[in-house]
Amino acid sequence: LTGLQFASYILPLLTLPYLTMVLGPDKFGLTQYAIALITYFQIITDYGFNLSATREAAIYREDEAKKSEIFSSVMSIKLLLCILTFIILMLIVVFIPKFNADLMVYILTFGMVIGYMLFPTWFFQAMEYMKYTSILNIIGKVIYTVAIFLFIHNQGDYLLVPIINSIGLIVVGIAGFYIAVRKFNIKLKIPSVKSIIYHLKEGWYVFISTVAINMYTTTNTFLLGLLTNNTLVGYYSIAEKIVLAANG
């Protein structure tokens, strides 16, 4: 976990000066603004499962059938929420001019939500196998860092930032999902409506509290982009990332 913290905060500091220099504040700000918008969808897709589902899976960790039922129900809900948020994103980028101008950036950035949706962090926590979460995420961040230096050489390459981000997270997500299913003998099945409703209720209050917390962490960048422009978002994002790294 210490390694994961290091990778999460230090590696972005290596790419930060490079991206701002190559893309300029405007295009760099655009990529960060897209991430700020997509973060809301990630919160919705995560729901409250990182706490509620973790507890549930930990209680039944020795019960193979129950464990499979919990895994199948939670991942099914996350998939449905992912589809719902993508529909919402499409409505936003198609009908709101500010977002429509850079439609592809937002669509490509949405791949990050797919990656987060696939990776069962909550399940690894319940099984007390956090090394998988750490190793896979560190590998993903290293690949992202290397890819940024390899493929992004001028301002016209700004679309590659969300592509690299999304592909990295999706690959890590697929790997995490596969390991969880194989190592813990999960039998995937279509969950019952009763099971889905139960898990939605269990995670509801955690979800509300998570939304409340993120309203004053993520919303800064999002509101700044609505009220000003991408260049100012770029400057703000640089400062915020440095402060967050030091804080972490």
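Below: a short report on this structure. As the structure is a computational prediction, the values presented were derived from the model and not from experiment.

### Some thoughts on the overall build of the protein chain
Within the protein chain, the secondary structure is distributed over 12 helices and 0 strands. From first element to last, N terminus to C terminus, the protein chain shows the α and β order α-α-α-α-α-α-α-α-α-α-α-α. The C-alpha radius of gyration computed for the protein chain amounts to 19 Å, which stays within 12% of the reference 18 Å derived for 248 residues, consistent with globular compactness. Here the C-alpha coordinates of the protein chain stretch approximately 55 × 40 × 30 Å along the principal axes. Burial statistics for the protein chain: of 248 residues in total, 47% are counted as buried.

### Structural notes on the environment of E56
In this fold, E56 is placed in helix α2 (residues 49-59). As a C-alpha pair, E56 and E202 span 146 residues in sequence and 9.4 Å in three-dimensional space. Not counting chain neighbours up to four residues away, the residues in contact with E56 comprise I70, Y198, H199 and E202.

### A word on helix α10 (residues 193-215)
Over its 23 residues, α10 extends 31 Å from the first C-alpha to the last, a length consistent with the 33 Å expected when each residue adds 1.5 Å. Maximal helix bending in α10 amounts to about 45°, located at W204. When α10 is considered as a whole, its buried residues turn out to be S195, I196, H199, G203, F207 and N214.

### Some words on the pattern of salt bridges
Here the structure, examined in full by the defined rule, presents 5 salt bridges. Where R61 meets E128, a salt bridge forms, and the shortest distance between an N and an O atom there is 2.8 Å. Placement of the pair is R61 in the loop between α2 and α3 (64-95) and E128 in the loop between α7 (121-127) and α8 (130-151), with a sequence separation of 67 residues. Relative accessible area serves as the criterion here: at 60%, E128 is assigned to the exposed category.

### Things to note about the packing of α8 against helix α9 (residues 160-183)
One way to put it is that α8 packs onto α9 with a least axis distance of 9 Å and a crossing angle of 155°. Between α8 and α9, the crossing angle belongs to the class labelled roughly antiparallel. Relative to α9, the crossing made by α8 is right-handed. Together, Y132, L136, N137, G140, Y144, A147, I148 and F151 of α8 and L160, V161, I164, N165, V172, A175, G176, I179 and K183 of α9 make up the contact between the two elements. Class assignment for the residues of the contact of α8 with α9 results in 12 nonpolar, 4 polar and 1 charged.

### Quick word on the environment of F119
Mapped onto the secondary structure, F119 falls in the loop between α6 (111-118) and α7. Taking C-alpha positions, F119 is 24 Å from T15, a pair spaced 104 residues apart along the chain. Here F119 is in contact with F124, Y132, T133, L136, N137, V172, G173 and G176, once residues within four sequence places are set aside.

### Focus on the packing of aromatic side chains
Counted by the stated rule, this structure contains 20 aromatic pairs. Measuring from ring centre to ring centre gives 5.9 Å for W204 and F207, while their planes differ by 45°; the resulting arrangement is tilted. On the criterion of helical spacing, the pair formed by W204 and F207 is a turn pair, its members being 3 residues apart in helix α10. Residue F207 is classed as buried on the basis of its relative accessible area of 11%.

### Observations regarding α2
Each full turn of the α-helix corresponds to 3.6 residues, which orients residues three or four apart in the same direction. Among all positions of α2, only F49, S52, A53, T54, E56 and A57 are buried. Against α1 (2-46), α3, α7 and α10 lie the buried residues of α2.

### Observations regarding unusual backbone geometry
The phi dihedral of E128 is positive, around 60°, even though this residue is not glycine. The phi dihedral of N185 falls on the positive side, at around 55°, and the residue is not glycine. Looking at the secondary structure, you find N185 in the loop between α9 and α10. Judged by its relative accessible area of 40%, N185 is partly exposed.

### Thoughts on a nonpolar patch on the surface
A surface patch of nonpolar side chains, amounting to about 760 Å² of accessible area, comprises L79, L80, I83, I87, L91, V94, F95 and I96. With respect to the element layout, L80 can be found in helix α3.

### Some remarks on the side chain of S237
Along the chain, S237 turns up in helix α12 (residues 230-247). Polar side-chain contacts of S237 include one of 2.8 Å to the backbone oxygen of V233. If we ignore the near neighbours within four places in the chain, the residues touching S237 are F28, Q32 and T221.

Thresholds applied
- Residues numbered from 1 in each chain as written.
- Predicted model: local features only at pLDDT ≥ 70, side-chain atom pairs only at ≥ 80, totals over all residues.
- Heavy atoms only, no water.
- Helix = DSSP H or I, 4+ residues; strand = E, 2+ residues; numbered from the N terminus.
- Rg over C-alpha atoms; globule rule 2.2 N^0.38 Å.
- Buried < 20%, exposed > 50% of the residue type's maximum accessible area, 1.4 Å probe, protein only.
- Contact = heavy atoms within 4.5 Å.
- Expected span 1.5 Å × (residues − 1).
- Bend = angle between axes of the 7 residues up to and from the residue.
- Salt bridge = Lys/Arg side-chain N within 4 Å of Asp/Glu carboxyl O.
- Axes fitted to C-alpha atoms, helices over the stretch in contact; angles between N-to-C directions.
- Parallel < 35°, antiparallel > 145°, perpendicular 65-115°, else oblique.
- Left-handed = near helix turned anticlockwise from the far one by under 90°.
- Nonpolar A, V, L, I, M, F, W, Y, C, P; charged D, E, K, R; others polar.
- Phe/Tyr/Trp six-rings, centres within 6.5 Å; stacked < 30°, edge-to-face > 60°.
- Patch = residues over 30% accessible without salt bridge, like charges linked within 9 Å, V, L, I, M, F, W, Y side chains within 5 Å.
- Areas by Shrake-Rupley, 256 points an atom, 1.4 Å probe, with all protein chains shown as cover.
- Polar contact = N/O pair within 3.5 Å; in protein donor to acceptor, adjacent residues only side chain to side chain.

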